[in-house]
Structures are given as structure tokens and as C-alpha cells.
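Understanding the architecture of this molecule
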Amino acid sequence: MPISSHITSVPVSVDEDKCIAHKGCTVCVDVCPLDVLAIDFVKGKAYMQFDECWYCMPCEKDCPTGAIHVDIPYLLR
Ligand code: SF4
Ligand code: SF4
């Protein structure tokens, strides 16, 4: 069974060049029903703090800059 504990393997990735959390955006954090997204206030960027996801997609759809990509597992597509 593959081990997916490393931080780069989480299903939701944030393009830090596009993320405008440093300007006060918290849209993805606000819309996530699982509260798994957070803002890193040191970097001023959003990130996935817990590796859980319902693949419900509002974070990706509502992000004003298109910074979020949700990697939907093949079996759920
Ligand atoms: S919604 Fe997009 S721009 Fe806003 S904090 Fe989240 S990733 Fe960054
Ligand atoms: S797809 Fe849904 S559960 Fe997963 S991070 Fe985005 S809003 Fe949260």
C-alpha cells in the first residue's frame, strides 16, 4: 500500500505565486466544509493542513485567482 504521509502528497495544492492570502484573502479556508485548509501567516499563503478531503471543489471553484488545484483520485472521477 502506498504511503502518503509526505506533505507534497496532499490532494489540494496551492500555487503560491497566484495565492493572494497575503492581501487578506481567506476564501478557500472559509468555504471548505472540513476546515482542512489554512493560511500560513508567515508566508502569506494558503495550504492544506490536514490530509482529508471530500473533493467537493468549492475551494478550487471559488478561489479568485485560480491558485487551488484539487487532485481528484482516479476512482472518484
Ligand atoms: S482562495 Fe485562493 S487566493 Fe484566496 S487564500 Fe485560498 S488559495 Fe489563496
Ligand atoms: S475539495 Fe472540499 S473538502 Fe477538499 S479542500 Fe476543497 S473545499 Fe475542502
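Data block above holds the structure.
For the structure given in this document, a descriptive report is provided here. Please read these numbers as outputs of a predicted model, since none were measured by experiment. Positions within a chain are numbered from 1, following the residues in the order the chain's sequence is written. Key to labels: chains lettered from A, ligands numbered from 1, both in the order written. Given that the model is predicted, a residue must reach a pLDDT of at least 70 before its local features are reported, and side-chain atom pairs must reach 80 or more before they are shown or counted; all residues, however, enter totals for whole chains, interfaces and linings. Side-chain descriptors were evaluated using all non-hydrogen atoms of the structure, hydrogens and water having been removed beforehand.

**Points about the overall build of the protein chain**
Helix and strand definitions here come from DSSP, where helices need a minimum of 4 consecutive H or I residues and strands a minimum of 2 consecutive E residues; each element is numbered from the N-terminal end. When its secondary structure is counted, the protein chain shows two helices and four strands. Only protein chains enter the accessibility calculation, which uses a 1.4 Å probe. A residue is then buried if its area is under 20% of the maximum for its type, exposed if over 50%, and partly exposed in between. Evaluated residue by residue, the protein chain yields a buried proportion of 30% over its 77 residues. When checking whether two residues touch, look at their non-hydrogen atoms; a contact exists if any pair is within 4.5 Å. Sequence separation of 24 or more characterises 49% of the internal contacts of the protein chain that already satisfy a separation of 6 or more. Put simply, the protein chain shows about 5400 Å² of open surface, and 57% of that area lies on carbon and sulfur atoms. The method behind every accessible area is Shrake-Rupley, applied with a 1.4 Å probe, and residues are considered shielded solely by the protein chains displayed.

**Brief notes about the pairing of strand 3 (residues 45-48)**
Regular strands place side chains that alternate from one sheet face to the opposite one. Taken together, the four bridges between strand 2 (residues 37-40) and strand 3 define a ladder with antiparallel strand orientation. Paired with alanine 38 across the strands is tyrosine 47, a residue of strand 3. Strands are treated as partners if at least two bridges between them are detected by DSSP. In textbook terms, the turn of a hairpin is the stretch between consecutive antiparallel strands, and for strand 2 and strand 3 this stretch comprises four residues, one of which, glycine 44, has a positive phi near 75°.

**Describing the environment of isoleucine 72**
As for its placement among the helices and strands, isoleucine 72 is situated in the segment after strand 4 (68-70). According to the relative accessible area criterion, isoleucine 72 is partly exposed, its value standing at 23%. Separated by 18 residues in sequence, isoleucine 72 and tryptophan 54 place their C-alpha atoms 9.5 Å apart. Those residues in contact with isoleucine 72 that sit more than four places away from it in its chain are Tyr55, Met57 and Arg77.

**Comments concerning the site of ligand 2**
We call a residue near a molecule or strand when any one of its heavy atoms sits within 4 Å of it. Taken together, 13 residues are adjacent to ligand 2, and Cys32, Cys53, Cys56, Met57 and Cys59 come closest. Here the residues of the shell around ligand 2 sort into 13 nonpolar, no polar and no charged. When residue character is reported, Ala, Val, Leu, Ile, Met, Phe, Trp, Tyr, Cys and Pro are called nonpolar, Asp, Glu, Lys and Arg charged, and the others, Gly included, polar.

**So, the nonpolar core**
Put simply, a nonpolar core is a bunch of buried Ala, Val, Leu, Ile, Met, Phe, Trp, Tyr and Cys residues held in one set by side-chain atoms that sit within 4.5 Å of each other. Ranked by size, the top nonpolar core spans 18 residues in total, and within it Leu37 and Ile68 carry the most contacts. Those elements giving two or more residues to this core turn out to be strand 1 (12-14), strand 2, strand 3 and strand 4. Those residues within four positions of leucine 37 in sequence are excluded, and the remaining contacts are Val12, Cys28, Val29, Cys32, Tyr47, Met48, Gln49, Cys59 and Ile68.

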